[in-house]
Each structure stands twice: as C-alpha cells, then as structure tokens.
Amino acid sequence: MKSVHLLGVAPFVGILVGIFFANRVTPYVLGMPFILFWLVIWVVLISVTMAVIYRLDPANRSTLPESAQPEEHTS
Amino acid sequence: MTALAIIFVFLAASMGLGLRARRGKDMDLEQWSVGGRGFGTIFVFLLLAGEIYTTFTFLGASGWAYGKGAPAFYILCYASLAYVISYWLLPPIWRYAKEHRLVSQSDFFVSKFQSPLLGGLVALVGVVAMVPYLVLQLKGLGIIVSVSSYGHVSPHWAIVIGTVALTLYVTVSGIHGSAWTALLKDIAILAVVLILGIYLPLHYFGGIGAMFHQVDAAQPHFLTLHSSGMSPAWFASTVLLSALGFYMWPHTFGASYSAQNERVFRRNAIFMPLYQLVLLFVFFVGFAAILVVPGLTGSDTDLSLLRITTASFPPWFVGVVGGAGLLTALVPGSLLLMSSATCLAKNVYQLARPASSDADTARLAKRLVPVIALISLYFALNGGSSLVSLLLMGYALVTQLFPALLASLAPRQLVTKQGAAAGMIVGVAAVIVVTLTGTSVGSLLPGLPQAVKDLNVGVIALILNCAAMAAVSAATRRTTTTLSPASVSV
C-alpha cells in the first residue's frame, strides 16, 4: 500500500461525511441547490483523484508506454 | 402509432446486432458468457456502463427526483464511490479468475474457499438478488411501451411483450450481442437524456436555476434531506451500502472477467465517475415534471419522465425516447438473465450432478433463460413497488456477499468456508425478514439517537453478517487445525 493510495479515502469523506454539512438549498451554485452542487463537484473530484492515483501508482508503470495496450490473447 | 413503430425499429436493430455479433464465433460456455476474455478498455467500459444505465437510471432516478426530491441524489453518488473501490478490488479478482479460468462469480468462491457448496449458496444469493433487479427492468419495459403507445398497449401486455423480446435477445446473442447493443444504447440514452435535461428546464422555466427556485417555492424542504427518515444518516449509509454491493452483482462481477488486462479497470476508474454526471440531467427532467405534470403518486412517479415527454414533444420523438428506454432495459436485462442462468446451471446444477459435461451445462444455461424470465414476469405483473425500492432490496441482498469476498482476497486465510456461509445466510435472512415485515432500525431499537435509527437496514444486516462470519470462522478454524493442520489451502 503506497501512500498515494490513501488519497482514495478523500471521496468517501467528502460524500459520506460532507453530506451532513452540505444538506442545504442555499447558496445556489451554477443554478443548482447547494447539496446537489456539492455532490456533483465530488463526482468530478473523484475522477481527478483517480487520475492522480493512476499516474503515481507504480502498478501502472510497466515497460510499455501508457497508450499501448499489452496484447494478451487468451483463447 | 408512430412512437410504437420507432420503438420497434430499435428492437429490430438490437436483435440484428446480436445476431451479427454471434456469427463466426464458437459458442462454448466461456464464449457465451465472458466473451473469451478479449475485451479492451472501451468494450469493458461499455459493458459495465451498459449494466449501470438501466431503466432504473432512466425512469427510477427521474421518478425519485419527482416523488422524493433530494434523497434521489444518492443515485449519483454510490456508483462513483464504487469505482474508487474498483481500482483496488477488481484487479486481484480478474487476475485470480484468469489464472483459474473462472466463468461465473460463484466459481470464484468455489475456488477460493475450496467449497462447491459455498459456490452454490453464492449463486442462490445472487439469483435471489437479481430477481427484483430483473423485475425492475421488465416493469420499466412495460411502462415505456405502454406510455409511448399512448395507452394503446396495456401495461400488462407491454410487460409480456418486453419479456418475450428480452428472452429471444439473450438466447440469440450471448455477451457479444450485449456489448454491441450497449454501444447503441449508450449513444441513444446519452442523446435523449441531454436533450430532455437541457431543453425541458429551458423551455418551461428559462433555466435550471429558475426551475429549482420554483420547485423550492412550491415545495419547501423538498430539495434537502429530511431531519428524520431519509436524513443525511440514511443517505450516507445507503450510498456506502450500494457502493459496496456494486460489484457483488453476479453480472457485474462476471462482466469484469471479460477485460483484456487489469489496467482496464484502473483506467476506467478515472472515466466512469464522469459518466455518472449524465444522471444530473435525468434529475432535471424529474424536477421539471413536478411542475409540468403534477399529481403522480406512489409507483406512478416512475412515469414522470415519459409523461413530461409525451406532454412536450411530437410522437416521433416520444418513439426515440421510448426506443432508447427499451435499450436501457434490454442490455442490463440480458446480462442479468444470462448471469442468473449461468449461475444456476454451473454452480447449482453441477453440484447435484458433478459428472455433467460443459456442453450439458451450456445447454442447460440456455434452457434456464426462459424459465427465469417467466418467474420475473410473474413478479413484475403482481408487485406494486416502485423501481427504486426494488433496486434497494436487491442491493441489500447482494451486498451480503461482500464481507466474505473481501476476506478471501487477503493473503492469509481469514475466514473459513463455514464462516463465509454463516455470514451470508445470517445477512440475507436479516434482509428478507426486515423487507417482509417492513421493520426499520428505529422500530427495532427505539431508544437510539435519530441518526442511528435512520440507517439503511442493509447496514444492520451487514453488521450481523460480519459478526456471524467472524464467530463461526473462529470456531471452525480451531477444529480444522486440530484435526488436520496441513489442510489449510494456500
């Protein structure tokens, strides 16, 4: 378990704990009630978090460049 | 009739794709159900997305936004958190499955715990959980066909027609058909949801902000979670429970076997959450419908998206929406049917007859498809629950597989097969008792603080499950080691 993996905890805190504090209509952000905006922004942040983890995780650094799929044929 | 004709074109197209995908492929059990493990990022993405964007997302999410308001937002969150979990959960499962040439979810448990009986139990839990999910798809199909025929086809007949179409589709195509139709479905549903979600608020209210202000004025407290009942505690526990259960569905678990390599999952964990944002537009449609087509109650709230569509658009567009909706039921429905048939044939039937050959099992799996379809049809015609409550029940059941799965991934054996079985049985029994008697945490333990009372009952079942699993494992491990110290598998 590399320390970068701990980043994966952040979305759980943001949504499961954050909801207790974000449960309100105002202020409206981008036309959405605050609670909805809060959850939407966390969905986007999850994607960002996972991209960062993917980049830094040594498990994804093989001899192949990231764009190339290792060709595995199992049939 | 224009609308119905267009829906029929969608059905014919998906059947055509299914037939084409099958041509030239040798259909043994592995080909039929995991596509020979040859799918890359895009295809696995489509398959898993194909499973997620079901009639539930389309009709259930808008229906809950319409009928319940803010509690519907849970639907936006749980899958996104499940993808976070998938980054670490799926690669070891995939690796193990590939090494041991596993086909179904229960194979995994059979192999990990060295117990075909446990595999049979897992298969049964999976199938029992899938039935409400399948019922949900059939009900969705019925709603779509009957509303877009402007009442010409009765809901009952619509459900029957939908079931026949689904059964034919699965028998014809297997998983290759699912993947191709998933592509068609994703394009159609994305287009339809974006058009509806952007156009309707603009057309009726002048914008999303104006729409929410009017909803808030018409129904105060509708846009926040309640202080009891569907409170933040309910929200957090339901999101967590559903996120844990997300990959426990036999069809999702099984679809993950079809990946080409484990990096597919890690990369998908980045993009899949963004795909969830499509739901936002589904919510917008539901909220718009509150003011445009008011008055739907109970399980009729599931009609809100289609009602506002028929009220706002010409019949040909209603047909396109209905066609897209049909695909959202067909793709996941086919995966559900196929997985439950494979589960029963391979992990329950083979238990009774270990000598049966792979060809026999494959044949039986195909024969079971119409049987399971008929059982679901029965429940679809006779139950009155809304789509979301059906899904919540399925999730509470299937999540009971999570503790044993997690324990099995540890390098050392933490849980014995007896422990795993005891946990599942206790958990599933708790869910069933609670669902049938309509108990809530509050009614069981009235002295507790409100936040604890509002917890999703599935969480309580999960706690009981873990307790039983730990206790029985501790008891059985001692006897196993004293009897035969060498028997612990590596």
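Since this is a predicted model, take the numbers as computed values, not measurements.

Each value, and the rule that gives it
- Residues numbered from 1 in each chain as written.
- Chains lettered and ligands numbered in written order.
- Predicted model: local features only at pLDDT ≥ 70, side-chain atom pairs only at ≥ 80, totals over all residues.
- Heavy atoms only, no water.
- Contact = heavy atoms within 4.5 Å.
- Buried area = accessible area lost by both parts, 1.4 Å probe.
- Salt bridge = Lys/Arg side-chain N within 4 Å of Asp/Glu carboxyl O.
- Helix = DSSP H or I, 4+ residues; strand = E, 2+ residues; numbered from the N terminus.
- Nonpolar A, V, L, I, M, F, W, Y, C, P; charged D, E, K, R; others polar.
- Expected span 1.5 Å × (residues − 1).
- Buried < 20%, exposed > 50% of the residue type's maximum accessible area, 1.4 Å probe, protein only.
- Core = buried A, V, L, I, M, F, W, Y, C linked by side-chain atoms within 4.5 Å.
- pLDDT = per-residue confidence, 0-100.
- Patch = residues over 30% accessible without salt bridge, like charges linked within 9 Å, V, L, I, M, F, W, Y side chains within 5 Å.
- Areas by Shrake-Rupley, 256 points an atom, 1.4 Å probe, with all protein chains shown as cover.
- Phe/Tyr/Trp six-rings, centres within 6.5 Å; stacked < 30°, edge-to-face > 60°.
- Polar contact = N/O pair within 3.5 Å; in protein donor to acceptor, adjacent residues only side chain to side chain.

### With respect to the interface of chain A and chain B
In this assembly, 36 residues from chain A lie in contact with 43 residues from chain B. For the pair chain A and chain B, the summed buried area comes to about 3800 Å², and 70% of that belongs to carbon and sulfur atoms. Summed over the shared surface of chain A and chain B, the number is zero salt bridges. When contributions to the side of chain A that touches chain B are tallied by element, the ones reaching two or more residues are helix 1 (10-17), helix 2 (19-22) and helix 3 (34-56) of chain A. For the side of chain A that touches chain B, the leading source of residues is helix 3 of chain A, giving twelve residues. Classifying every residue of the side of chain A that touches chain B gives 23 nonpolar, nine polar and four charged.

### Examining helix 13 (residues 278-292) of chain B
Compared with an ideal rise of 1.5 Å per residue, which puts 15 residues at 21 Å, helix 13 of chain B spans 22 Å between its outermost C-alpha atoms and is within 8% of the ideal. Within the sequence span of helix 13 of chain B, burial applies to V278, L279, L280, V282, F283, F284, V285, G286, F287, A288, A289 and I290 of chain B.

### Comments concerning unusual backbone geometry
Omega for the bond connecting T26 of chain A with P27 of chain A falls within 30 degrees of zero, at -5°, which places this linkage in the cis form. Along the chain, the position of P27 of chain A falls in the loop between helix 2 and helix 3. In this model, L30 of chain A sits at a positive phi of 55°, which is unusual for a non-glycine residue. Mapping L30 of chain A onto the fold places it in the loop between helix 2 and helix 3. Take L30 of chain A: its relative accessible area is 70%, and that puts it in the exposed class. A positive phi is found at R101 of chain B, a non-glycine position, where the angle reads about 50°. Locating R101 of chain B in the fold gives a position in the loop between helix 5 (74-99) and helix 6 (105-113). According to the relative accessible area criterion, R101 of chain B is exposed, its value standing at 54%.

### Here's the deal with the environment of V29 of chain A
Residue and element names in this part refer to chain A. Mapping V29 onto the fold places it in the loop between helix 2 and helix 3. For V29, a relative accessible area of 23% corresponds to the partly exposed category. In this structure V29 touches F34 and F37, once residues within four positions along its chain are discounted.

### A closer look at the nonpolar core
Side chains that are nonpolar tend, in soluble globular proteins, to be buried together. One finds I15 and L36 of chain A together with Y74, Y78, F235, F283 and F287 of chain B to be the most contacted residues of the largest nonpolar core, which totals 181 residues. Ignoring any residue separated from it by four or fewer positions in sequence, one finds I15 of chain A in contact with L39, W42 and I46 of chain A together with C77, L81, F235 and V239 of chain B.

### Description of the environment of Y53 of chain B
Residue and element names in this part refer to chain B. When you line up the elements, Y53 lands in the loop between helix 3 (41-52) and helix 4 (55-67). C-alpha separation for the pair Y53 and L190, spaced 137 residues apart in sequence, amounts to 9.9 Å. Aside from chain neighbours lying at most four places away, what touches Y53 is K185, Y275, Q276, V278, L279, T328 and P332.

### A closer look at the confidence of the model for chain B
All names here are of chain B. Of all residues in chain B, 87% attain a pLDDT of 70 or more, and the chain-wide mean is 82. When pLDDT is averaged over each element of chain B, helix 13 comes out on top at 92 and helix 2 (residues 29-34) at the bottom at 54. Taken as a whole, residues 481-490 scores under 50 in pLDDT and shows four contacts with residues more than four places along the chain or in a different chain.

### Some points on a nonpolar patch on the surface
Residues and elements named next belong to chain A. A cluster of nonpolar side chains, namely L6, V9, V13, V17, F20 and F21, defines an oily patch on the protein surface of about 610 Å² accessible area. Looking at the nonpolar patch, the elements with two or more residues in it are helix 1 and helix 2. Note on V17: relative accessible area 44%, which makes it partly exposed.

### Points about the packing of aromatic side chains
All names here are of chain B. Per the stated rule, a full pass over the model turns up 29 aromatic pairs over all chains. Considering the side-chain rings of W64 and W234, the 6.1 Å spacing of their centres and the 35° angle between planes classify their relative orientation as tilted. Residue W64 is located in helix 4, and its partner W234 is located in helix 10 (residues 232-245); the two are separated by 170 residues in the primary sequence. Of the two residues examined, W64 and W234, each falls in the buried class. A ring pair is formed by W249 and Y395, whose centres lie 5.3 Å apart and whose planes are at 90°; its orientation type is edge-to-face.

### Things to note about the side chain of T328 of chain B
Residues and elements named next belong to chain B. Inspection of the secondary structure assignment puts T328 in helix 15 (residues 315-352). Within the structure, the side chain of T328 is placed 2.5 Å from the backbone oxygen of G325, a separation counted as a polar contact. In contact with T328, not counting residues within four places along its chain, are Y53, T54, T55, F58, Q137, K185 and I189.

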